[in-house]
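The residues making up each chain are set out below.
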Amino acid sequence: MELQLSTPALLFSAITLLMLAFTNRFLAIASLIRGLHKKFVENPDEEMIVEQIHNLRKRLSLIKNMQLFGVFSFLLCVVCMYLLFHGFTAAANWVFVGSMASLLIALGLSLFEIQISTRALNLELADMEEIFKKRSGSLDFLFKKENKKNE
């Protein structure tokens, strides 16, 4: 199969959309970090804030690497198109493979970051579940796990 100029050009829109998603994640993390910083300054002894800070540091590093590999993939697509335009098809094929590999790494890092993000949300849910267990309401009979087991 011969690589055509339109093949790496098609990746431009996909890579651009992924970079936009990665940037949105970065901005959301930055906002969370600023909010947690305010909470930490007010109450530095709260253990959950410290756990969230460690979690956000990992996620921030992953997002940085996701963006790095996304940009590298984009750059290799441009180089591939340049090589195809000048007739160096063998070199262009290898550069295109490198571009796809870089994109695959970025997507893998994204998947890993989503897993860490889910763990962070579970920390928040666990904190709220403790509060929910302590209070009682008029509809608790519908939502308590003990009553559902008896049905």
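The residue count restarts for each chain, going from 1 along the sequence in the order it is written. Where local features are concerned, this predicted model is filtered to residues with pLDDT of at least 70; where side-chain atom pairs are given and counted, the filter is 80 or more; whole-chain, interface and lining totals use all residues. Calculated side-chain values reflect all of the structure's heavy atoms, with hydrogen atoms and water omitted.

Asker: Please give an account of the overall build of the protein chain that cites residues and values.
Answerer: Looking only at helices and strands, the protein chain has five helices and zero strands in total. Reading the protein chain from its N terminus to its C terminus gives the helix and strand order α-α-α-α-α. To sort residues, take the accessible area from a 1.4 Å probe on protein chains only and compare it with the maximum for the residue type: under 20% means buried, over 50% means exposed, and anything in between is partly exposed. Going through the 151 residues of the protein chain one by one, you find that 26% of them count as buried. Residue contacts follow a heavy-atom distance rule, with two residues in contact if any of their heavy atoms lie within 4.5 Å. Nonlocal contacts in the protein chain, meaning residues at least 24 apart in sequence, comprise 77% of its contacts between residues at least 6 apart. In the structure as shown, the protein chain presents an accessible area of about 10,800 Å², 66% of it carried by carbon and sulfur atoms. Numbering of helices and strands runs from the N terminus; a helix is a DSSP stretch of H or I covering at least four residues, while a strand is a stretch of E covering at least two. Shrake-Rupley sampling with a 1.4 Å probe provides the accessible areas, and residues are treated as covered by the protein chains on show and by no other component.

Asker: Account for a nonpolar patch on the surface, with residues named and values stated.
Answerer: Patch membership requires more than 30% relative accessible area and the absence of a salt bridge. Residues of like charge join within 9 Å; the nonpolar side chains Val, Leu, Ile, Met, Phe, Trp and Tyr join within 5 Å. Salt bridges are identified by distance alone: a Lys or Arg side-chain nitrogen within 4 Å of an Asp or Glu carboxyl oxygen. On the surface, F40, V50 and I53 cluster together into a nonpolar patch covering about 190 Å² of accessible area. With respect to the helices and strands, the residue V50 is situated in helix α2 (residues 47-85). For V50, a relative accessible area of 30% corresponds to the partly exposed category.

Asker: Residue-level account of a negative patch on the surface, with values.
Answerer: We treat Lys and Arg as the positive residues and Asp and Glu as the negative residues; His and chain ends play no part in the count. We put the charge of a Lys on NZ, of an Arg on CZ, of an Asp on CG and of a Glu on CD. A grouping of E46, E124, D127, E129 and E130 is seen on the molecular surface, where their side chains present a negatively charged patch. With respect to the helices and strands, E129 occurs in helix α3 (residues 89-134).

Asker: Let's hear about the nonpolar core: which residues, and what values?
Answerer: What is meant by a nonpolar core is a set of buried Ala, Val, Leu, Ile, Met, Phe, Trp, Tyr and Cys residues, joined one to another through side-chain atoms within 4.5 Å. L11, I15 and C80 are the most contacted members of the largest nonpolar core, which totals 24 residues. Listed by contribution, the elements that provide at least two residues to this core are α1 (6-42), α2 and α3. Per-element tally for this core: the top contributor is α2, with ten residues. The residues touching L11, leaving out its near neighbours within four places in the chain, are C77, F96, S99, M100 and L103.

Asker: Tell me about the environment of W94, residues and numbers included.
Answerer: Within the secondary structure layout, W94 lies in helix α3. Among the residues examined, W94 registers a relative accessible area of 67% and is labelled exposed.

Asker: Pulling in residues and values, what's your account of the confidence of the model for the protein chain?
Answerer: On a scale of 0 to 100, pLDDT captures the predictor's confidence in every residue. Overall, the predicted model of the protein chain reaches an average pLDDT of 83, with 85% of residues at or above 70. Confidence over residues 147-151 falls short of pLDDT 50; this stretch has two contacts with residues more than four positions distant or in other chains.

Asker: Which residues make up α2, and what values do they have?
Answerer: Each helix should span, by expectation, one fewer than its residue count multiplied by 1.5 Å. For α2, which comprises 39 residues, the first-to-last C-alpha distance of 58 Å matches the rise-based estimate of 57 Å (1.5 Å per residue) to within 8%. Among the residues trailing α2, G87 stands out with phi positive, at a value near 90°.

Asker: Pulling in residues and values, what's your account of the side chain of E113?
Answerer: By secondary structure assignment, the location of E113 is in helix α3. For E113, the residues in contact, after removing those within four places along its chain, are R25, R59, L62, I63 and M66.

Asker: Any details on the packing of α1 against α2? Residues and values, ideally.
Answerer: Contact geometry of α1 with α2 gives a least axis separation of 9 Å together with a crossing angle of 160°. When the axes of α1 and α2 are compared, the pair comes out roughly antiparallel. Once α1 is placed against α2, the crossing between them reads as left-handed. For the contact of α1 with α2, the residue count by class is 27 nonpolar, six polar and three charged. Axis lines are fitted to C-alpha atoms, over the contacting stretch for helices. Their N-to-C directions set the angle, which ranges from 0 to 180 degrees. By the definition adopted for this analysis, an angle is roughly parallel if under 35 degrees, roughly antiparallel if over 145, roughly perpendicular if from 65 to 115, and oblique otherwise. Take the far helix as the reference: if the near one is turned anticlockwise from it by less than a right angle, the crossing is left-handed, and if turned clockwise, right-handed. Polar here means any residue other than Ala, Val, Leu, Ile, Met, Phe, Trp, Tyr, Cys and Pro, which are nonpolar, and Asp, Glu, Lys and Arg, which are charged; Gly is therefore polar.

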